Amino acid sequence: MKSITVILISACLIVPVFAQQFGQRYETEQPRVRFVSMPVYIDSGARTLAAYQFELKTKAGQVKIVGLENGEHPAFSEPPYYDTAALAKDRIIVAAFNTGNNLPTGKTRVVTIQLQVIGDVEPQYEISLIVAADSDGNEIPAEITY
Amino acid sequence: MAKYKEQFDDDQNMKVSDKLGKDLNALFKPKLEIPHEIDRLILNKASLKLSRKRSHIHILRWIGPVAAAAAIILFVCLSNMQKQDAGFNTTQTLAAVNTDIDNNGKVNILDAFKLAKIIESKAILDKKWDINGDGLIDNGDVDQIALVAVSLK
């Protein structure tokens, strides 16, 4: 009877200690997660920007696209077009247009992409402008940056 | 099935020879005389039970053909669904062709932009631009083209 009591008391003391240690180890094994905003700019120079389409891909790191915000100019204040399947993935195609006359020129932020970065690897992205056009629908040269 | 039929049919297997019957009667005949009424009741109950078993066998006989018929119906339904899927794919392909508004061989946001401009200009609209098939050519079709353009597939 005495030995059983000793065993039970030992178990009651040891189990919480092990549980605490395991919990600490579990916490340290969790990858670091952070959220990053990526503003995307298109510079159409002197020409007005009426439509754009670009593709963003992750080259390195573990990244998930979690959301998009509209652009700074009123012409692109509506949410852009994108495939909802891109959410929680690391690749997205974004596009928008405006048929009005109030259009941006020069460098303008067309969209902000919200990303979830998992782990310590610094992510690398590849962004490519598929098309940019003026108010007549003519393709124009433009530069995309983030 | 044939075994069951033989087992439960009213055939000669259920009868015994007269001599054996008499001997068995002599051996197992109850000392008390059982009234005929009770005998009849027992026999009636026994025949009722047997008839129930026969009805179960009838049901078992039908399970095979019913299962076969169900399988045939299922097969026909599935092949029809596959045909419908093929039809849907054809429609999708047609939609993909029609979404190329500027006919440059690729679908991008400029196709949506150009259709939006055409709609705004009140110009004559081509029926083939009814991408979503709702009988109207409007912003819904423009959105449809834009979504094709940004699709990751």
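Residues numbered from 1 in each chain as written. Chains lettered and ligands numbered in written order. Predicted model: local features only at pLDDT ≥ 70, side-chain atom pairs only at ≥ 80, totals over all residues. Heavy atoms only, no water.

Draft legend 1. The arrangement of the pairing of strand β1 (residues 33-43) of chain A in detail. All names here are of chain A. Examined bridge by bridge, β1 and strand β6 (residues 107-118) share 11 bridges and lie antiparallel to one another. What sits directly across from P39, in β6, is T112. Sheet analysis places β1 next to strand β8 (residues 143-145), joined by three bridges and oriented antiparallel. From the neighbouring strand, Y41 faces β8, where its bridge partner is T145. (Pairing = 2+ DSSP bridges. Helix = DSSP H or I, 4+ residues; strand = E, 2+ residues; numbered from the N terminus.)

Draft legend 2. Focus on the environment of F113 of chain B. Relative to the elements of secondary structure, F113 of chain B occurs in helix α4 (residues 109-120). A C-alpha to C-alpha distance of 9.1 Å links F113 of chain B and I145 of chain B, two positions 32 residues apart in sequence. Excluding residues that lie within four positions of it along the chain, F113 of chain B makes contacts with A50, A51, F97, N98, T99, D134, S135, D136 and G137 of chain A. (Contact = heavy atoms within 4.5 Å.)

Draft legend 3. Region of the structure containing the interface of chain B and chain A. If you look at the interface, chain B gives 17 residues, while chain A gives 25 residues. Summed over the shared surface of chain B and chain A, the number is zero salt bridges. Between chain B and chain A we count seven residue pairs in polar contact (both at pLDDT 80 or more) in total. Of all the elements in the fold, those that place two or more residues in the side of chain B that touches chain A are α4 and α5 (139-150) of chain B. At eight residues, α4 of chain B tops the list of elements feeding residues into the side of chain B that touches chain A. Taken together, the residues that form the side of chain B that touches chain A break down as 11 nonpolar, two polar and four charged. (Salt bridge = Lys/Arg side-chain N within 4 Å of Asp/Glu carboxyl O. Polar contact = N/O pair within 3.5 Å; in protein donor to acceptor, adjacent residues only side chain to side chain. Nonpolar A, V, L, I, M, F, W, Y, C, P; charged D, E, K, R; others polar.)

Draft legend 4. Quick look at the packing of aromatic side chains. Residues and elements named next belong to chain A. One pass over the structure, following the stated rule, counts five aromatic pairs over all chains. Consider the rings of Y125 and Y146, whose centres lie 5.9 Å apart with planes at 90°: the pair is edge-to-face. Here Y146 lies in the segment after β8 and Y125 lies in strand β7 (residues 124-133), a separation of 21 residues in the sequence. For Y146, a relative accessible area of 46% puts it in the partly exposed group. Members of the aromatic cluster, connected to one another through ring pairs, are Y52, F54 and F76. When the ring centre of Y41 is taken as reference, the NZ or CZ atom of K107 above it lies at 4.9 Å. (Phe/Tyr/Trp six-rings, centres within 6.5 Å; stacked < 30°, edge-to-face > 60°. Buried < 20%, exposed > 50% of the residue type's maximum accessible area, 1.4 Å probe, protein only. Lys NZ or Arg CZ within 6 Å of the ring centre and 35° of its normal.)

Draft legend 5. Highlighting unusual backbone geometry. Residues other than glycine seldom take positive phi values, yet A88 of chain A does so here, at roughly 70°. Note on placement: A88 of chain A falls in the loop between β4 (81-82) and β5 (91-97). Although it is not a glycine, N103 of chain B adopts a positive phi angle of roughly 50°. Classification of N103 of chain B as exposed rests on a relative accessible area of 59%.

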